[in-house]
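# Structural overview for review
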Amino acid sequence: MHSTKNNGLSIYIEKYDDNVLRIESYPKAITYSLVVSLRYVSRGKVEHEYVKNIEHRILESLLNRVVNANQRYFLLSCLDSNKVSTYIMVLSKEKNEINKEADVICSIIENLSNNSINCKVEKSESAINILKRCLYGDSIENPLKWLLNVFSKRMDSNNINNVFLLEHPLSFEWGYPNIEPQKYEYLSKIFDNSDNAIRLGIIHSTNITAKLKPEHLVKHIIIVGATGSGKSTTASIIAREATRINYTVFIIDWHGEYASLLSDCNNIEYTNPVEGTIPSFLNLKSIIEYEPLAFIEILENVLELTPPQVHILEEAIKALLNKKALELYDIDLLMDIIQNTSLSARWVSESREALIRKLKVLSSEYLNIKWRGVREVGIEKGKILVFDVSSIPNTRVKRILASIAIKTATLKAQYNEVEKPLLIIVDEAHNIFTKNNPISNLIAEVRKWGVGFVIVTQTPSLLAPVVLRNANTRIIHAIKSSIDIKTLLGLSILKKEYKKVIPSLKPGEALVIIPELPEPILVKIGLISS
Ligand SMILES: Nc1ncnc2c1ncn2[C@@H]1O[C@H](COP(=O)(O)OP(=O)(O)OP(=O)(O)O)[C@@H](O)[C@H]1O
């Protein structure tokens, strides 16, 4: 994906003080604004003609002021809980004048309407909400877009080129006012200078580096976002940073993207079964010796085995375990054993054939992978091992091999057979951490063995709920699908206010939620040079 050149108009609206908003537009033009709301005071039956007349006179007065004064006004009609409300946005380059101007126009309006219109200056927070409602209202012609267009032309006509596209609603930065001094201090404390942390990028409107500490890593991280939103880039930054603080990193690379993302790293090894290498975690010996049930459950789930097929598989595994030299990068051997299982019931032969048919997708013959000839690559402290499954032609096989590798990696961590702490990054995790895959429950268990997961997905709604619940650090890139946004909102991962922000994040921008902070922070993800 390429980032598009932004030659449009970007507008940042931030709280300046209790009533005043500061608007910064690109190309550079800073102005100040406040919003007054108009309410008709009910005085019995108000004549339509009478109201129209007042409105006409108010508009006339405002127009006169536009000619004479330094201010601009913008009338907003917003759909507010099913009724249309009227607001006036007062714009000025002079922040000192703007409160005075609001008083002036309110007194003009109240006088002209004989006090049948109530005029009130809105607090900054509610002014932002009002603008948001107007902006996201259903009207096809976005009034604010028009406003900003006109406004910028008038205020800074020399600087503005001809393109006026509000193509990116987040440029408004709703809910992201400049960080106030107390909050700034608080954030600096949370993201202190400690070197033993993952540096994610810079927090919006600060020069504070957002960091994830080791405790965040073992409480798991989820990275969500639509295609092209920057998930893999973020995951690759976490991988690099994790090795810097001496983590062992294992990456399940679903699409074969990490070779280019990490091309400049020299502490990295790649494995790809189609090219004859596998991570040592894929030697089935460990999983079958330590937890044969987990192996059976993975196959049962991914290959949708029936109970009789599971039974036959269990018997075959028992037989396999009785064999002295267990070499099960050898699914072929497992199939031989199943073929020769001496179960006598009549149903066996049919189920056996069906089971073998299902297992065939894992065989050397089907995959064109010579399981007996593959080279196993181990994992070392401070290094990254990538398991690239992208060239395996069958999604079920990818899911099985990735699940087995993850399970074995965590077993090795449990039995201290791998250098810890271990960080397992799982790209396209919705293919693996599904509701019925037993692997999903690992996320609630592995912390005590010094293992953290980074779950990367574009479809959080397909993840097992246990996975979403147990990933305490959330990195949310742009998401378009309303189902996925709802999933995050439903889990209270996000407050409703962010619903509109998430689709508009730019590639590499993310809302980051860590347990210590009550609100998400907006982070521009990027490598921080040492
Ligand atoms: N932190 C960043 N800073 C600048 N640009 C970025 C950043 N992250 C991503 N991008 C841009 O967005 C593009 C897509 O990023 P990336 O491949 O990480 O997205 P993705 O969400 O993983 O997409 P996919 O699901 O298709 O793999 C990158 O090629 C890069 O141009």
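Everything in this summary refers to the structure shown in the same document.

Basis of the calculations
Residues numbered from 1 in each chain as written. Predicted model: local features only at pLDDT ≥ 70, side-chain atom pairs only at ≥ 80, totals over all residues. Heavy atoms only, no water. Phe/Tyr/Trp six-rings, centres within 6.5 Å; stacked < 30°, edge-to-face > 60°. Helix = DSSP H or I, 4+ residues; strand = E, 2+ residues; numbered from the N terminus. Buried < 20%, exposed > 50% of the residue type's maximum accessible area, 1.4 Å probe, protein only. Near = heavy atom within 4 Å. Polar contact = N/O pair within 3.5 Å; in protein donor to acceptor, adjacent residues only side chain to side chain. Areas by Shrake-Rupley, 256 points an atom, 1.4 Å probe, with all protein chains shown as cover. Nonpolar A, V, L, I, M, F, W, Y, C, P; charged D, E, K, R; others polar. Salt bridge = Lys/Arg side-chain N within 4 Å of Asp/Glu carboxyl O.

Applying the stated rule across the entire model yields 4 aromatic pairs. Centroid distance Tyr 290 to Tyr 415: 4.6 Å. Interplanar angle 15°. Geometry classified as stacked. Remark: Tyr 415 occurs in the loop between α15 (395-414) and β15 (422-426) and Tyr 290 occurs in helix α9 (residues 284-290); sequence separation between them is 125 residues. A relative accessible area of 31% places Tyr 290 in the partly exposed class. Taken together, a centroid distance of 5.4 Å and an interplanar angle of 75° make the contact between Phe 433 and Phe 453 edge-to-face.

A word on the site of the ligand. Around the ligand, a shell composed of 14 residues is seen, among which Gly 228, Ser 232, Thr 233, Glu 257 and Ile 525 lie nearest. Residue Ala 226 places a main-chain N or O atom 3.4 Å away from an oxygen atom belonging to the ligand. One of the side-chain nitrogen or oxygen atoms of Lys 231 is found 2.9 Å away from an oxygen atom of the ligand. Here the ligand has 630 Å² of accessible area as a free molecule, and 74% of this is covered by the chains. Elements with a minimum of two residues in the shell around the ligand: α7 (231-244) and β19 (521-525). With 3 residues, the single largest contributor to the shell around the ligand is α7. Along the lines of polarity and charge, the residues of the shell around the ligand split into 4 nonpolar, 7 polar and 3 charged.

We now examine the environment of Glu 315. Within the secondary structure, Glu 315 sits in helix α11 (residues 307-322). Note on Glu 315: relative accessible area 23%, which makes it partly exposed.

Moving on, we get to the environment of Tyr 40. Relative to the helices and strands, Tyr 40 is located in strand β3 (residues 29-40). The sequence separation of Tyr 40 and Cys 119 amounts to 79 residues, and the corresponding C-alpha distance is 8.9 Å.

What follows covers the pattern of salt bridges. The final tally for this structure, using the stated rule, is 10 salt bridges. Here Asp 195 and Arg 244 are joined by a salt bridge, their closest N and O atoms 4.0 Å apart. Of this pair, Asp 195 sits in the loop between α5 (181-190) and β7 (198-203) while Arg 244 sits in helix α7, placing them 49 residues apart in sequence. Residue classification places Asp 195 among the exposed residues on the basis of a relative accessible area of 54%. A salt bridge links Glu 417 to Lys 412, with the shortest nitrogen-to-oxygen separation between them at 3.7 Å.

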